[in-house]
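Geometric and topological summary
Residue-level listing of the chains:
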Amino acid sequence: MKALVYQGPGNKEWVEKEKPGIQKPTDVIVKITKTTICGTDLHILKGDVPAVTEGRTLGHEGVGIVEEVGSAVANFKPGDAVLISCVTSCGKCANCKRGLYAHCEDGGWILGHLIDGTQAEYVRIPHGDNSLYPIPEGADEEALVMLSDIMPTGFEIGVQYGHVKPGDTIAIVGAGPVGMSVLLTAQFYSPGKIVMIDMDPARLALARQFGATDTIQVGAEDAVARIMEMTDGKGVDVAIEAVGVPATFDTCQKIVAAGGNIANVGVHGTPVELHIEELWIKNINISMGLVNTNTTPMLLKTLGNGKVDPSKLVTHRFKLDEMMEAYEIFGNAAREKAMKVILSA
Ligand code: NAD
Ligand code: ZN
Ligand code: ZN
């Protein structure tokens, strides 16, 4: 089969590779029908994630058709259409029982990281019963691919950890696919104002189309001053960081109102300054973490009832064997005005 493999920092190849087989009775082999590229894949490719070794097939998002199931798999059979979760989890260990699928004692965030991923013709999914979801009849596959990672990430770590409530004023820093997923899922709770902050005017224009009530262009405007103007000097109820750099976490600390919440979604490669001396007097709650994908069943229902359409994040479409071209476009997202690219078998 064909697969996109990591070949050390800065290098990747679309190569012929052995098709995966069942290794454990709980495994499921899935034939990929649609996959996508994530900012995390770009981090891995740069060499920022040393645990990823040469030869690893990248990718952790996708949908497909069950090809083969292990003897202990109860929920799926060959031919079933499935959504792949970016986190694989047994559903039975102490962490899984608490909903901490990202910390499953026999899984977690491993797909395209510690085991081969979804940017290939076939993928082996450990603990298939708990790591795959049946695709509802008639569901849009492009929308579903957004439910592998970015939509649960935005919802769980941005919206739920941020305790977004009806009427709240919220600010999202970072209008990438993850920030946009925060924007789409925050609207389940009818916040009063949603301010999107980014430096890219094209992404800010898209954010307005997707429901942002206000936008702030970093570089052209002073984000902190503008937020204070908009909120009569109080700040926002919820500040959500969806970039992963010290400057944006700092912005969140400055714009959050007394009694408010900071939800940090971005992955930080370097330490950030925590201004406890300013935050404690404002009674601020700070949350952060890895996506658990334990809200996927609920998000699947929102697709069905038309509450949200994440397929609008898709800007480019390729065939699976155009993987290298797709990386070229996604790797130059700002220049190419790319948000999510879809690769179809
Ligand atoms: P992205 O790089 O596509 O988007 C980031 C956005 O931030 C871009 O639009 C960019 O213009 C903007 N930006 C950069 N610097 C800025 C600044 N100083 N001020 C304002 N805006 C700025 O990334 P993405 O794929 O949307 O992911 C966002 C973050 O979420 C990343 O750090 C990613 O690793 C992380 N992530 C976390 C989880 C999790 O489990 N918590 C899961 C997936 C992704
Ligand atoms: Zn991802
Ligand atoms: Zn587990």
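Residues numbered from 1 in each chain as written. Chains lettered and ligands numbered in written order. Predicted model: local features only at pLDDT ≥ 70, side-chain atom pairs only at ≥ 80, totals over all residues. Heavy atoms only, no water.

1. A short note on the coordination of the zinc ion (ligand 3)
Around the zinc ion (ligand 3), the protein contributes the donor atoms Cys-90 (SG), Cys-93 (SG), Cys-96 (SG) and Cys-104 (SG), which lie 2.3 to 2.4 Å from the metal centre. Written as a sequence motif, the donor residues of the zinc ion (ligand 3) are C-x2-C-x2-C-x7-C. Neither Cys-90 nor Cys-96 differs from the other in exposure class; each is buried. (Donors = N, O, S within 2.8 Å, 3.2 Å for Na, K, Ca; no water. Buried < 20%, exposed > 50% of the residue type's maximum accessible area, 1.4 Å probe, protein only.)

2. A few points about the UniProt feature "domain: Enoyl reductase (ER)" (unreviewed entry) in the protein
UniProt annotation of "domain: Enoyl reductase (ER)" (unreviewed entry) refers to residues 8-343 when read in the numbering used here. Span residues 8-343 is 28% helix and 23% strand, its end C-alpha atoms 23 Å apart. (UniProt positions renumbered as here; feature names shortened; annotations may be inferred. Helix = DSSP H or I, 4+ residues; strand = E, 2+ residues; numbered from the N terminus.)

3. Some remarks on the coordination of the zinc ion (ligand 2)
Within the protein, the atoms that donate to the zinc ion (ligand 2) are Cys-38 (SG), His-60 (NE2) and Asp-149 (OD), at distances of 1.9 to 2.2 Å. Counting residues between consecutive donors of the zinc ion (ligand 2) along the chain gives the motif C-x21-H-x88-D. Linking His-60 in the loop between α1 (39-46) and β4 (62-69) with Asp-149 in the loop between α4 (141-145) and α5 (150-160), this pair joins segments that are 89 residues apart in sequence. Overall, the relative accessible area of 8% leaves Asp-149 in the buried class.

4. Focus: the site of ligand 1
Not every one of the 20 residues close to ligand 1 is listed here, only the nearest: Asp-198, Arg-203, Val-243, Gly-289 and Val-291. Measuring from an oxygen atom of ligand 1, one finds a side-chain N or O atom of Arg-203 at 2.9 Å. Interatomic distance of 2.7 Å between a backbone N/O atom of Val-243 and an oxygen atom of ligand 1. The fraction of the free accessible surface of ligand 1 (870 Å²) that becomes covered by protein chains is 82%. Taken together, the residues of the shell around ligand 1 sort by class into 11 nonpolar, six polar and three charged. (Near = heavy atom within 4 Å. Polar contact = N/O pair within 3.5 Å; in protein donor to acceptor, adjacent residues only side chain to side chain. Areas by Shrake-Rupley, 256 points an atom, 1.4 Å probe, with all protein chains shown as cover. Nonpolar A, V, L, I, M, F, W, Y, C, P; charged D, E, K, R; others polar.)

5. Regarding the pairing of strand β11 (residues 236-241)
In terms of residue burial, β11 counts as a mostly covered element, since five of its six residues are buried. Sheet topology note: the strand β8 (residues 169-173)/β11 ladder contains four bridges and is parallel. Paired with Ile-170 across the bridge in β11 is Val-238. Bridging between β11 and strand β12 (residues 256-264) involves five bridges; their strand directions are parallel. Residue pairing for β12: Ala-239 is matched across the bridge by Ile-262. Considered for its hand, the β-α-β crossover made up of β11, helix α9 (residues 246-255) and β12 is right-handed. (Pairing = 2+ DSSP bridges. Right-handed = clockwise from strand over helix to strand, strands pointing away.)

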